[in-house]
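# Examining the three-dimensional arrangement
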Amino acid sequence: MRKSADLRKAEIVSTVLEMADQIGPDRVTTNAVAKQIGLTQAALFRHFPSKAELWGAVAEHVTGTLAAAWEAALEGVSDPLERVRALVAAQLGVIAHTPAIPMLLFSRELTTENEVLRGAFRERLSVFHETLEADIAAAQAQGRITVDLTPRDAAYLLSSLVQGAAIRWALGPRTTSMEETGLALLDVQLRLLECRKDG
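For clarity, every value in this text was computed on a predicted model and none was experimentally measured.

## Description of the confidence of the model for the chain
Looking at the chain as a whole, the pLDDT averages 90, with 95% of positions reaching at least 70. By mean pLDDT, the top-scoring element of the chain is helix α5 (residues 80-97) (96), and the lowest-scoring one is helix α7 (residues 108-113) (69).

Right under this line is the structure:
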């Protein structure tokens, strides 16, 4: 049975992400994607007339997945530190399910060749950072997190923790759970940021 255009587009995007993880985003070509799916390159171009449009669809898929995961994780959570943990857990979960994401962030495709892809990731990661920053500020206002760091710097620290855990996992043997490892590191970092009540 012939697939609908929407299903075929979703399959193409999924294949791009799988190949980006396996061989690196910079080595993914439209011809290789078409062969992997069993299409001609001309058939692929009927769905995505250019490589830039294909990467635009990949960016839309990934950023939409991130946004949905964050929204679901934060629903009904009001405690600021629980929100931080839920947001980081959601981010790690999406990356574990789509391990090409760290590779995309450092690819030539993202950093020099595709402004749409770069802009989509920059915008989405800014939302992640701003949400962390707001929750850290709320925890500081409650006297639970040290004010030695600004909320902005603390948010950058936690964002870097997530990125570091993701890259280490993506480049390693992937024999451990990235979510468990990342959340363990987060818990250590949050304990270091807690206000000391013994002095």
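## Examining the packing of aromatic side chains
Within this structure, the stated rule accounts for one aromatic pair. With a centroid separation of 5.4 Å and an interplanar angle of 40°, the aromatic rings of Trp 70 and Phe 128 are classed as tilted. Taken as a pair, Trp 70 in helix α4 (residues 51-74) and Phe 128 in helix α8 (residues 115-141) lie far apart in primary sequence, 58 residues in all. Each member of the pair, Trp 70 together with Phe 128, is buried. In this arrangement the basic side chain of Lys 9 is found over the ring face of Phe 48, its NZ or CZ atom lying 5.8 Å from the centre. If you follow Arg 174 out to its NZ or CZ, it ends over the ring of Trp 169, 5.0 Å from the centre.

## Topic: unusual backbone geometry
Its identity as a non-glycine residue notwithstanding, Arg 174 has a phi of 60°, on the positive side. Relative to the elements of secondary structure, Arg 174 occurs in the loop between α9 (151-171) and α10 (178-193).

## Quick notes on the layout of surface pockets
The computed volume of the largest pocket comes to approximately 280 Å³. In this structure, the largest pocket is lined by 19 residues; those nearest its centre are Leu 105, Leu 125, Phe 128, Ser 159 and Gln 163. Looking at the lining of the largest pocket, the elements that each hand over two or more residues are α5, α6 (100-105), α8 and α9. With seven residues, α9 is the single largest residue contributor to the lining of the largest pocket. Here the lining of the largest pocket is composed, by residue class, of 13 nonpolar, six polar and no charged. Its volume calculated, the second largest pocket comes out at about 220 Å³. Mapped by element, the contributors of at least two residues to the lining of the second largest pocket are α9 and α10. Here the lining of the second largest pocket is composed, by residue class, of five nonpolar, six polar and two charged.

## Considerations on the packing of helix α1 (residues 5-23) against helix α2 (residues 30-37)
For the pair α1 and α2, the least separation of the axes is 10 Å and the interaxial angle reads 115°. Classed by the angle they form, the pair α1 and α2 counts as roughly perpendicular. Pair α1 / α2 crosses with right-handed handedness. Along the contact surface, α1 presents Arg 8, Glu 11, Ile 12, Thr 15, Val 16 and Met 19, while α2 presents Ala 32, Val 33, Gln 36 and Ile 37. Residue composition of the contact of α1 with α2, by class: six nonpolar, two polar and two charged.

## Topic: the UniProt feature "DNA-binding region" (unreviewed entry) in the chain
When the UniProt feature table is mapped onto this chain numbering, "DNA-binding region" (unreviewed entry) sits at residues 29-48. Secondary structure content for residues 29-48 is 75% helix and 0% strand, and the end C-alpha separation is 13 Å.

## Points about the nonpolar core
Within the largest apolar cluster, 55 residues are counted, with the highest numbers of intra-cluster contacts made by Ile 12, Val 16, Val 33, Val 58, Val 88, Leu 132 and Leu 186. The contact partners of Val 16, leaving out residues within four places of it in the chain, are Val 28, Val 33, Leu 54, Trp 55 and Val 58.

## Focus on the side chain of Asp 135
By the secondary structure assignment, Asp 135 is in helix α8. The exposure class of Asp 135 is buried, given its relative accessible area of 7%. A polar contact of 2.8 Å, which involves the side chain of Asp 135, links it to the side chain of Arg 83. The contact partners of Asp 135, leaving out residues within four places of it in the chain, are Pro 80, Arg 83 and Val 84.

## Some words on the side chain of Thr 63
Structurally, Thr 63 can be placed in helix α4. Leave out the neighbours within four places in its chain, and Thr 63 touches Ala 120, Phe 121 and Arg 124.

How each quantity is defined
Residues numbered from 1 in each chain as written. Predicted model: local features only at pLDDT ≥ 70, side-chain atom pairs only at ≥ 80, totals over all residues. Heavy atoms only, no water. pLDDT = per-residue confidence, 0-100. Helix = DSSP H or I, 4+ residues; strand = E, 2+ residues; numbered from the N terminus. Phe/Tyr/Trp six-rings, centres within 6.5 Å; stacked < 30°, edge-to-face > 60°. Buried < 20%, exposed > 50% of the residue type's maximum accessible area, 1.4 Å probe, protein only. Lys NZ or Arg CZ within 6 Å of the ring centre and 35° of its normal. 1 Å grid on protein atoms, 1.4 Å probe; cavity = no way out; pocket = protein on both sides within 12 Å on 5 of 7 lines; lining within 4 Å. Points joined across faces, edges and corners; volume = space filled by probe spheres on them. Nonpolar A, V, L, I, M, F, W, Y, C, P; charged D, E, K, R; others polar. Axes fitted to C-alpha atoms, helices over the stretch in contact; angles between N-to-C directions. Parallel < 35°, antiparallel > 145°, perpendicular 65-115°, else oblique. Left-handed = near helix turned anticlockwise from the far one by under 90°. Contact = heavy atoms within 4.5 Å. UniProt positions renumbered as here; feature names shortened; annotations may be inferred. Core = buried A, V, L, I, M, F, W, Y, C linked by side-chain atoms within 4.5 Å. Polar contact = N/O pair within 3.5 Å; in protein donor to acceptor, adjacent residues only side chain to side chain.

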